[in-house]
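Single-letter residue listing:
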Amino acid sequence: MLSARMLTVVAAGRQYGDVRRDGGTGTAKSPGRGGDGGDDTDWMQKARKLANKRASQFRRERGAQPVAPAQWRRKRKGEKGDEFGYVEAARGYDDIPKDVADDREDELTATAGDGLWRVDFGDLAEEDWGSQWTMTDDEWKSVEKLAKGTDEPLQALQVFEDAGLRRVNPDISARMLRIIADKAKSARVDREELSGLRRDSRIAHLLGMCVAAARRGSDALSPNSVVSAVWAIGVISTERANSAEMEVLAARAAQVTDDVSKRGIADLAWALASCRHASEELFQQIGIRAAVTGLEGSKPFDISTLVYAFAHLGHSADGFLDGLDQWFAGGAEEEIGKEEADANAAKKAASFTPQPLVTTAWSIAVIGGDALRSRAFSALWSEICVRGEAAAAEGAMVDPSLEGDRIQYGPWRGKNLNQINQAIVAVQSAGGAEALGLRPVPDSLAAAAESAWMAQRRPPVISWYQRDVASILSYMGEKHEEEAVCGGYRVDLLIPNPVGVPELSGGIAIEVDGPSHFARNDTALALGQTRLKHRQLRHLGMAVVSVSVAEWEYLESAEEKVEYLRAGMAGSQQVA
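Definitions and limits used
Residues numbered from 1 in each chain as written. Predicted model: local features only at pLDDT ≥ 70, side-chain atom pairs only at ≥ 80, totals over all residues. Heavy atoms only, no water. Buried < 20%, exposed > 50% of the residue type's maximum accessible area, 1.4 Å probe, protein only. Helix = DSSP H or I, 4+ residues; strand = E, 2+ residues; numbered from the N terminus. Pairing = 2+ DSSP bridges. Axes fitted to C-alpha atoms, helices over the stretch in contact; angles between N-to-C directions. Left-handed = near helix turned anticlockwise from the far one by under 90°. Contact = heavy atoms within 4.5 Å. Phe/Tyr/Trp six-rings, centres within 6.5 Å; stacked < 30°, edge-to-face > 60°. Parallel < 35°, antiparallel > 145°, perpendicular 65-115°, else oblique. Nonpolar A, V, L, I, M, F, W, Y, C, P; charged D, E, K, R; others polar. Salt bridge = Lys/Arg side-chain N within 4 Å of Asp/Glu carboxyl O.

### Some thoughts on the pairing of strand E10 (residues 543-548)
Counting buried positions along E10 yields 5 of 6 residues, so the element is predominantly enclosed. As paired strands, strand E7 (residues 508-513) and E10 are joined by 6 bridges and run parallel to one another. Across the sheet, Glu511 pairs through a bridge with Ser546, a residue of E10.

Put into structure tokens, the structure is as follows:
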């Protein structure tokens, strides 16, 4: 017996044809297959007919699609004539030898686990893997010329597709990626276009070729091609995607650093810094190379890029700073003497254009410690002072009514003036210019930099996590101020008079740091700007508690969050 409620449901189902009937007699047929399965209702037949018609029309309009040669196509186990159940290709562009020494099933697999398409090349010979690369150098030169004549990245990509993406080797794949990234950069494509570009299956194919060769350690991907692939990821994917691919390519780059050009080293560092991707192994190799070669032959722009990357990602820069001092001095001080070394350093600093000059000095200030006593920083600092005095002599002044990059003082605009102010504060927090053996900064330049810094108009951005931390502080009885301005910095949550730690008379600054404050592949590694801000807030007499969103998410109860903040406050007292 069915309940009244179930009878209503069954009746509604029959009304909409859920039960098949035999010729309208009302007798329900079995839902089995074959002749006993019943006929489709009229509306289902019409729907299927319409769907088939639309699919046929779509195929006619699309035209014939390119397919891989028969010998590359994926075969499934159990196909007729496939004795070993081989998968002849993974992703359609890797061949497998036919001869099998034993009876085991050696299958070329593509597995997803770390976010990328991983191809197992364990038993695949180099000549077999390369048998598909049929594009000759002469043919590539003509294709390259056509692609470089385009204006947009998608146009260049279409040229490559017409030439046959499945015919290119990893070296050519990397060059194609480089050209596409060049076009994207020169055309200044916006975020949405870049998002579509990095999701394009053709880009994934080219990148997959490079990653597969890098995993294999194949000579088919030359050292400078590794650089091209990494640089292309830096432009196209930025910090938003391809972290696993970058990890593989960075590891390969660390193995071939000695064979990479000087500009290539700078490109590697820039790409990883722009992606917020830490690679201790690669930067260690760059530091060793810098210490051995003294960065000989590098241009000021390359030097500025390298220093910024070390500062931004927070990797150990001891060896690199030794090489940097040699570059500024023009050799080892023991060989050329201190006087000549200082003169060469002044000339090198004078060769920097205004923006790289300030960025390089700021980056060394971010590194901090003994870097502030280096010959490189001393030369850059002196050159900034010289250009500041020249600007003051010309009557330069900062208009406080302006904001951002509209503010100008001499050759520098808003962002550079902010960096100068932060460098000045870093020097002051390290004991002052005199203690570091630096030239006193001109009062006019210091005042202009501070005015530009205080004139910033940064709107407060309050996240859900910040509000959650604020509610826990209220629960703890700690009176606080949101988005307080301290020394030109916006502090997420300022506790002027902490109850839990009364010894901290300078107050506690609580910074709720999201993913953008850390390396994307190492949530414990704070980026340069974040480290500098915390350091300079401590210089103002505050204790700083960094609340990582990655850690805060794992705290479930209010009691756990209270304990977390209490521990952070106690730890900040020891650091302060």
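### Quick look at the packing of helix H6 (residues 170-186) against helix H9 (residues 223-236)
Taken N-terminus to C-terminus, the directions of H6 and H9 make an angle of 35 degrees; their axes are 8 Å apart at the nearest point. Where H6 crosses over H9, the handedness of that crossing is left-handed. The segment H6 lies against H9, with Asp171, Ala174, Leu177, Arg178, Ile180, Ala181, Asp182, Ala184 and Lys185 engaging Ser225, Val227, Ser228, Ala229, Trp231, Ala232, Val235 and Ile236.

### Details of the packing of aromatic side chains
Evaluation of the coordinates by the stated rule reveals 11 aromatic pairs. With 5.0 Å between their ring centres and 85 degrees between their planes, Trp327 and Phe328 make a pair best called edge-to-face. Assigned by exposure class, Trp327 and Phe328 land together as buried. When the ring of Trp552 is compared with that of Tyr564, the centres are 5.9 Å apart and the planes differ by 75 degrees; the resulting orientation is edge-to-face. Within this pair, whereas Trp552 is found in helix H24 (residues 549-552), its partner Tyr564 is found in helix H25 (residues 558-575), the two being separated by 12 residues in sequence. A residue is classified by how much of its surface remains accessible, and Trp552, at 3% relative accessible area, is buried. Here the aromatic cluster, defined as three or more aromatic residues joined through ring pairs, consists of Phe283, Phe310 and Phe320.

### A closer look at the packing of helix H4 (residues 137-148) against H6
For the pair H4 and H6, interaxial distance at closest approach is 11 Å and the crossing angle is 10 degrees. One element, H4, and the other, H6, form an angle in the roughly parallel class. Here Trp140, Glu144, Ala147 and Lys148 of H4 lie close against H6, whose contacting residues are Ile172, Arg175, Met176, Ile179 and Lys183. Class assignment for the residues of the contact of H4 with H6 results in 5 nonpolar, no polar and 4 charged.

### A closer look at the pattern of salt bridges
A side chain of one charge can pair with a side chain of the opposite charge when the charged atoms of the two come close. Scanning the entire structure with this criterion turns up 15 salt bridges. Notably, a salt bridge pairs Arg202 with Glu161, separated by 2.7 Å at the nearest N-O pair. Of this pair, Arg202 sits in helix H8 (residues 201-216) while Glu161 sits in helix H5 (residues 153-163); the two residues are 41 residues apart in sequence, bridging distant segments of the chain. A cluster of three or more residues bridged by salt bridges with shared partners is formed by Glu333, Lys338, Asp342 and Arg375.

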